[in-house]
Amino acid sequence: MDEAQAEMLRRLDRIESRDEIRQLISKYSIALDMRDMDALAGLFLPDVKVGADKSGRAALRAFFDETMRTQFDGTSHHVGTTVIEFVDSDNAAGVVYSKNEHETGAEWVIMQMMYYDRYRRVDGRWHFARRQPLYWYATDLNKPPIGSRKMRWPGREPYEGAFHALFPSWNEYWERGGPADTPIAVPAPLEEFIETMRRGNEVRGNRVR
C-alpha cells in the first residue's frame, strides 16, 4: 500500500468513526429515555468509572436506574450542537449540547446542558470512556431561569451547574469589560478546537443529580 492509499484509508476511517460516535451519542438519548438500562450501560467501556469508588457497567446501570426511578416520571433528550475531535485513531473527545424535558411529579422541567465526552474504540467499536454533564439551567416550563443558580429542581435549593466552567473564555469575557485589545489568536489546528478552547481546564466536583 502506498502513502496516498494509506492516507485515503485513514480519512475514510475518520469519517466512519465520526458517524459511529454520533450514533453512539443518539443511542444514549434513546436508551435513557426508554429506560433500557442494559442498552445504556453497554454504550460505555466495560471498566467505566462510576463515582469516586465504583467501576463497571453493572455499577453504572445501578446509578442510572436509581437516578431515573427516583427523580423522573419521563424524559426526552434532544441532541444539538456537536463537535468530535480525534486524539488518535482510537481515542476522541467531544462536546455535545442537549436540550432536555423532564416530567417530575407535578412539574415539567426543561433543561439546557452539554456533555464533555471522551470516546474510545475497543475491538473495532466506539464507546463512551467518560461523559461529564455540565448544566446551564433546569426550571419549570413556566418559570424562566433568570438570574444566578439556574438549576432549579422542584423541592431543592437552586444551584450552579458549571455550564461555562470548562472554558476559561466565559469568565475572561465578562472580566474584560469591553472589546479585547490583543492580537487575534491563531485559529486552532484541526482536531484541536475543543482542547484549544479548554486550555487544559478541568471541571471537578460538579453536581450530577
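Further up the page is the structure itself.
A few points about the sheet that holds strand E4 (residues 91-104)
The strand order E3-E4-E5-E6 describes an open sheet built from four strands, whose pairing is antiparallel. Only two strands of the sheet have a single partner each, and these edge strands are strand E3 (74-88) and strand E6 (125-140). Each adjacent strand pair in this sheet contributes to an overall mean axis angle of 15°, direction not counted. Most of the contacts of helix H1 (residues 3-33) go to E3, to which it runs at about 155°, and overall it touches E3, E4, strand E5 (107-122) and E6.

Description of the packing of aromatic side chains
Tallied over the entire structure, the rule returns 15 aromatic pairs. Look at Phe 86 and Trp 126: their rings are 5.9 Å apart centre to centre, the planes differ by 70°, and that puts the pair in the edge-to-face class. Of this pair, Phe 86 sits in strand E3 while Trp 126 sits in strand E6, and the two are 40 residues apart along the sequence. Judged by its relative accessible area of 2%, Trp 126 is buried. Grouping aromatic residues by their ring pairs yields a cluster made of Tyr 28, Phe 44, Phe 63, Phe 64, Tyr 115, Tyr 119 and Phe 128.

Brief notes about the nonpolar core
Core analysis: the biggest nonpolar cluster contains 33 residues, and Tyr 28 and Tyr 119 have the highest contact counts within it. Going through the elements one at a time, H1, helix H2 (37-41), helix H3 (57-71), E3, E4, E5 and E6 are the ones with two or more residues in this core. A per-element tally of this core places H1 first, with six residues. By size, the runner-up hydrophobic cluster in this structure holds nine residues, among which are Met 114, Tyr 116, Leu 166 and Ile 194.

Points about the pattern of salt bridges
Scanning the model with the defined rule gives 15 salt bridges in all. Arg 14 is the salt-bridge partner of Glu 191, the closest N and O atoms lying 3.9 Å from each other. On the criterion of sequence distance, the pair formed by Glu 191 in the loop between helix H4 (169-176) and helix H5 (193-198) and Arg 14 in helix H1 is long-range, its members being 177 residues apart. As a salt-bridge pair, Arg 130 and Glu 202 come within 3.9 Å of each other at their nearest N and O atoms. Within this pair, whereas Arg 130 is found in strand E6, its partner Glu 202 is found in the segment after H5, the two being separated by 72 residues in sequence. Judged by its relative accessible area of 35%, Arg 130 is partly exposed. A cluster of three or more residues bridged by salt bridges with shared partners is formed by Arg 118, Arg 130, Glu 195, Arg 198 and Glu 202.

Digging into the pairing of E6
Taking burial as the measure, the 16 residues of E6 include 13 buried ones, the bulk of the element. Examined bridge by bridge, E5 and E6 share 14 bridges and lie antiparallel to one another. Each bridged residue has a counterpart across the sheet, and for Val 122 the counterpart in E6 is Arg 125.

Here's the deal with empty space enclosed by the protein
Scanning the model with the defined rule gives one cavity of 30 Å³ or more in all. Of the voids in this model, the largest cavity is the one considered here, and its volume is about 40 Å³. Elements supplying a minimum of two residues to the lining of the largest cavity: H1, E3 and E4. For the lining of the largest cavity, the residue count by class is six nonpolar, three polar and one charged.

Description of the environment of Met 8
Relative to the helices and strands, Met 8 is located in helix H1. Remark: the alpha-carbon pair of Met 8 and Ala 31, spanning 23 residues in sequence, is separated by 34 Å.

Some points on the layout of surface pockets
Size it by volume and the largest pocket reaches roughly 1,200 Å³. In this structure, the largest pocket is lined by 49 residues; those nearest its centre are Phe 63, Arg 131, Gln 132, Pro 133 and Val 208. Residue assignment for the lining of the largest pocket shows that the elements contributing at least two residues are H1, strand E1 (49-50), H3, E3, E4, E5 and E6. The dominant element in the lining of the largest pocket, judged by the number of residues it contributes, is H3, at nine residues. Split into classes, the residues belonging to the lining of the largest pocket amount to 26 nonpolar, eleven polar and twelve charged. Empty space within the second largest pocket amounts to approximately 290 Å³. Forming the boundary of the second largest pocket are 13 residues, of which Ala 185, Val 186, Thr 196, Met 197 and Arg 199 lie nearest the centre. Per element, the largest residue contribution to the lining of the second largest pocket is three residues, and it comes from H5. For the lining of the second largest pocket, a count of residues per class yields nine nonpolar, three polar and one charged.

Here is what the cut-offs are and how they apply
Every chain's residues receive numbers from 1 upward, in the order its sequence appears when written. Since the coordinates come from a predicted model, pLDDT governs what is reported: local features require at least 70, and pairs of side-chain atoms require 80 or more to be given and counted, while whole-chain, interface and lining totals use all residues. Based on all heavy atoms of the structure, the side-chain values leave hydrogens and waters out of the count. When DSSP finds two or more bridges between two strands, those strands count as paired. What counts as a helix is a DSSP run of H or I of at least four residues, what counts as a strand is a run of E of at least two, and both are numbered from the N terminus. Only C-alpha atoms enter the line fits that serve as axes; for helices the fit covers just the stretch in contact. Angles between N-to-C directions range over 0 to 180 degrees. For this analysis, residues touch if any pair of their heavy atoms sits within 4.5 Å. Each pair of aromatic rings taken from Phe, Tyr and Trp, with Trp reduced to its six-membered ring, is defined by centres within 6.5 Å and is described as stacked if the planes are under 30 degrees apart, edge-to-face if over 60, and tilted in the remaining cases. Per-residue accessibility, obtained with a 1.4 Å probe over protein chains only, is compared with the maximum for each type, and a residue is labelled buried under 20%, exposed over 50%, and partly exposed between these values. Think of a nonpolar core as a cluster: buried Ala, Val, Leu, Ile, Met, Phe, Trp, Tyr and Cys residues, connected wherever their side-chain atoms sit within 4.5 Å. A pair is scored as a salt bridge if a Lys or Arg side-chain nitrogen falls within 4 Å of a carboxyl oxygen belonging to Asp or Glu. Cavities and pockets were defined on a 1 Å grid built from protein atoms only: a cavity is a group of points that admits a 1.4 Å probe but offers it no way out, a pocket is an open group of points flanked by protein on both sides within 12 Å along at least five of seven lines, and a lining residue is one with an atom within 4 Å of any such point. Grid points are joined across faces, edges and corners, and a volume is the space filled by probe spheres set on the points. In this count, Pro and Cys sit with the nonpolar residues alongside Ala, Val, Leu, Ile, Met, Phe, Trp and Tyr, while Asp, Glu, Lys and Arg are called charged and the others, Gly among them, polar.

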